[in-house]
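One-letter residues, chain by chain:
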Amino acid sequence: MSFLKKRLVFIMAVLLLMGTVLAACSGGGSGAGDSKGSGTSASGESGGSPSGDSGGEGTSEEPLELTMLLSLFEEIPDMNNDFWVEFQKRTNTKLNIEWVPDGDYDTKLELVLASGDLPDVVFARNYNSPTIQTAIKNGAFWELGQFLGDFSEYPNLRDYSAPLGFRYVTRNGEIYGIPRNRPVIDEALKIRKDWLDKLGMDIPQTMDEFAEYLVAAVTQDPDGNGQHDTVGYVHPGGTGIPPSILAAFGGLEAQFDEDGGLIHRFLAPGYTRTVEYMRDLYAKGALPQEFSTIRPTQAQELFESGKAAAYQRNIWRAWSFEQNIKKVYPDAEVIVIAPQGPDGHHALRNTPGIFGVLMIAKSVPEEKVKRILDFFEYTNTPEFFDFIFFGIEGVHHNLVDGYPVMTEQGNIEVGTSAQQPIPLAFNNWWKSYDKAAPKEYNDKIWEMVQNWDELGYYDPSEYVVSDTWTNTWPNYQNEWESKVVEAIVGRITMDEYRAYVDSLNSRPEFKQAYQEFRQFYDEFWAD
């Protein structure tokens, strides 16, 4: 089967499951307004009694005490507020969570793994990372497939996980993590529509037009303060290259070498084309000079304070960004775009339908492992999703013509932290939906983006595995990142950068890794 056909099969599976989830939820209207406030919100129930020993309301079982290491995208939540008290009541748990700001999470995780003193449950952002794969081989985590079996005892994990979620985390028939389900449609480039209007420019339809907008934003004083103090595109550190821009230059498609091996995206032609594009942006002042050292919080602050022209983040954040910018610039308008690259690729990256995995430390006793899996099973329903997303009706939201309107308390207590401790039942709309926005706004956004999974691209490097790559790449990663930055800022020529990439790709260990990637890729799509 061709890669395109496989991609279409994936899309159809996602859409079929999305329709199932939406059909299970109540409410009128279309798109993101359909499944609001049903089930948990009104009744306080979350899909019936949990299986096994997981607890839940009405159980006499002792609460399940859990220590967890999770990433955080907002202020540390008050675990004694109404939402978290209700969460722990419904699940019969006592949660002791170490929240780590997302920008610091990978560093913290490496320290925890090195110490050997792991909490019960650990979130791993990148299941395929050398750090995680090495930890698995060293026996740090439980193999969970032996408990899950054919999923007959875990129907919610089977039926309400992302279509290929467990396929992504299965290695040689073994499963070491429970996928955290997320929409395939997620992040997109955000720009200032009010700046476009002031600059007399149309919404960019191509990457060249996007570049023209960025250059105009940094040279023509769109905020009208008489100073050239605006910046162009901002991205958190590293190479400064976001997946959406990489997608526009074919960098997320499967790319093969002369021997048929699957090249990792970092060293594939699409990445090199993207480096060249970013180099041109930098030369024209459309990237901050310090782009490679910007922290995630700094990047968001630059955009949210009205100083940056473009930023990539979750689609749903466009509304909150706009509202915050309006505090300084009342006419601000933030929109999401998907311009096309030179070969017609849209600047859209499809997620694999998951964002990381929840892993159980091997130090946890077997009986407790089963209770943790029952906890994940109990919470992985559309009904519990409604509770996680909207909280308690009458406390965190009120229904107005069937549409949940968040209360002030709800906006404070029901944040993104609520989504972190559990797999969260899959649907495809919620990363495009801001609970604080009016229904009309959310419906408009969803109408615009609902087919973006058909235009976006899945990155094979997110799911293929190679032991050779795991053992080899850490020796080159820092050097490679430095070469990318040097090429973007003009310290080396593009020919020198290409020669460097070619030198890596010609090494026997890389060729071997690409053959292993290809084998995994073919097996992944075999059925």
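Residues numbered from 1 in each chain as written. Predicted model: local features only at pLDDT ≥ 70, side-chain atom pairs only at ≥ 80, totals over all residues. Heavy atoms only, no water.

Let's talk about the overall build of the protein chain
Scanning the protein chain for helices and strands turns up 23 helices and 13 strands. Burial analysis of the protein chain (527 residues in total) assigns 58% to the buried set. Of the contacts made within the protein chain by residues no fewer than 6 positions apart, 76% connect residues no fewer than 24 positions apart. Of the roughly 21200 Å² of accessible surface on the protein chain, a fraction of 47% belongs to carbon and sulfur atoms. (Helix = DSSP H or I, 4+ residues; strand = E, 2+ residues; numbered from the N terminus. Buried < 20%, exposed > 50% of the residue type's maximum accessible area, 1.4 Å probe, protein only. Contact = heavy atoms within 4.5 Å. Areas by Shrake-Rupley, 256 points an atom, 1.4 Å probe, with all protein chains shown as cover.)

A few points about the pattern of salt bridges
What the rule picks out here adds up to 25 salt bridges. Notably, a salt bridge pairs glutamate 98 with lysine 108, separated by 3.1 Å at the nearest N-O pair. Of this pair, glutamate 98 sits in strand β2 (residues 93-101) while lysine 108 is found in helix α4 (residues 102-115), placing the two residues 10 residues apart along the sequence. The exposure class of lysine 108 is partly exposed, given its relative accessible area of 27%. Between aspartate 106 and arginine 125 there is a salt bridge, with its nearest N and O atoms 3.3 Å apart. Of this pair, aspartate 106 sits in helix α4 while arginine 125 is found in the loop between β3 (121-124) and α5 (130-137), placing the two residues 19 residues apart along the sequence. For aspartate 106, a relative accessible area of 38% gives the class partly exposed. Look at arginine 125 and you get partly exposed, because its relative accessible area is 23%. (Salt bridge = Lys/Arg side-chain N within 4 Å of Asp/Glu carboxyl O.)

Let's talk about the nonpolar core
Among the nonpolar cores identified, the biggest contains 167 residues, and Phe87, Leu148, Phe210, Leu267, Leu373 and Tyr497 are the most heavily contacted of them. Contacts of tyrosine 497, omitting those with residues within four sequence positions, involve Phe266, Tyr271, Thr272, Val275, Trp480, Lys483, Val484, Ala487 and Ile492. (Core = buried A, V, L, I, M, F, W, Y, C linked by side-chain atoms within 4.5 Å.)

A word on the confidence of the model for the protein chain
Per-chain confidence: the protein chain averages 89 in pLDDT, with 89% of residues scoring 70 or above. Scored below 50 in pLDDT, residues 1-55 shows 119 contacts in the model against residues more than four places distant or in partner chains. (pLDDT = per-residue confidence, 0-100.)

Some details on unusual backbone geometry
If you check the backbone angles, phenylalanine 151 has positive phi at about 70° while not being a glycine. Mapped onto the elements of the fold, phenylalanine 151 is located in the loop between α6 (145-148) and α7 (155-159). With phi around 55°, asparagine 172 is a residue other than glycine that occupies positive phi space. Residue position: asparagine 172 is located in the loop between β4 (170-171) and β5 (174-175).

Here's the deal with the sheet that holds strand β7 (residues 187-192)
Across the sheet, four strands lie side by side as β8-β9-β7-β10; this open sheet has mixed pairing. Single-partner strands in this sheet number two, and they are β8 (231-234) and β10 (334-337). Neighbour-to-neighbour, the strand axes of this sheet turn through a mean angle of 30°, independent of strand direction. Looking at chain direction, β7 and strand β9 (residues 308-314) are connected through five bridges and run antiparallel. Bridge assignment links alanine 188 to a residue of β9, and that residue is arginine 313. (Pairing = 2+ DSSP bridges. Axes fitted to C-alpha atoms, helices over the stretch in contact; angles between N-to-C directions.)

Some points on the packing of helix α3 (residues 82-91) against helix α15 (residues 366-379)
α15 packs onto α3 with a crossing angle of 110° between their chain directions and a minimal axis gap of 10 Å. Here α15 runs roughly perpendicular to α3, going by the angle between their axes. Counting all contacts with α3, which are made through Phe87, Arg90 and Thr91, the residues of α15 involved are Phe375, Tyr378 and Thr379. Residue composition of the contact of α3 with α15, by class: three nonpolar, two polar and one charged. (Parallel < 35°, antiparallel > 145°, perpendicular 65-115°, else oblique. Nonpolar A, V, L, I, M, F, W, Y, C, P; charged D, E, K, R; others polar.)

Topic: a negative patch on the surface
Taken together, Asp202, Asp208, Glu209 and Glu212 make up a surface patch of like negative charges. Position of glutamate 212 among the secondary structure elements: in helix α10 (residues 207-219). (Patch = residues over 30% accessible without salt bridge, like charges linked within 9 Å, V, L, I, M, F, W, Y side chains within 5 Å. Lys, Arg positive; Asp, Glu negative; His and termini not counted. Charge placed at Lys NZ, Arg CZ, Asp CG, Glu CD.)

Things to note about the side chain of threonine 470
Checked against the element boundaries, threonine 470 lands in helix α20 (residues 467-472). Excluding anything up to four places from it in sequence, threonine 470 contacts Pro130, Gln133 and Thr134.

Side note on the packing of aromatic side chains
Counted under the stated rule, the structure contains 50 aromatic pairs. Geometrically, the ring pair formed by tryptophan 84 and phenylalanine 87 is tilted, given 5.2 Å between the ring centres and 50° between the ring planes. Of the two residues, tryptophan 84 and phenylalanine 87 are both situated in helix α3; the distance of three residues between them amounts to about one turn of the helix. The class for tryptophan 84 is buried, based on a relative accessible area of 0%. On the basis of relative accessible area, phenylalanine 87 is assigned to the buried category, the value being 0%. Between phenylalanine 123 and phenylalanine 355, the aromatic rings sit 5.6 Å apart at their centres with planes inclined by 50°, giving tilted as the arrangement. Of this pair, phenylalanine 123 sits in strand β3 while phenylalanine 355 sits in strand β11 (residues 354-360); the two residues are 232 residues apart in sequence, bridging distant segments of the chain. Classification of phenylalanine 123 by relative accessible area gives buried; the value is 0%. Chaining the aromatic ring pairs together yields one cluster made of Phe83, Trp84, Phe87, Trp99, Phe375, Phe376, Tyr378, Phe384 and Phe387. (Phe/Tyr/Trp six-rings, centres within 6.5 Å; stacked < 30°, edge-to-face > 60°.)

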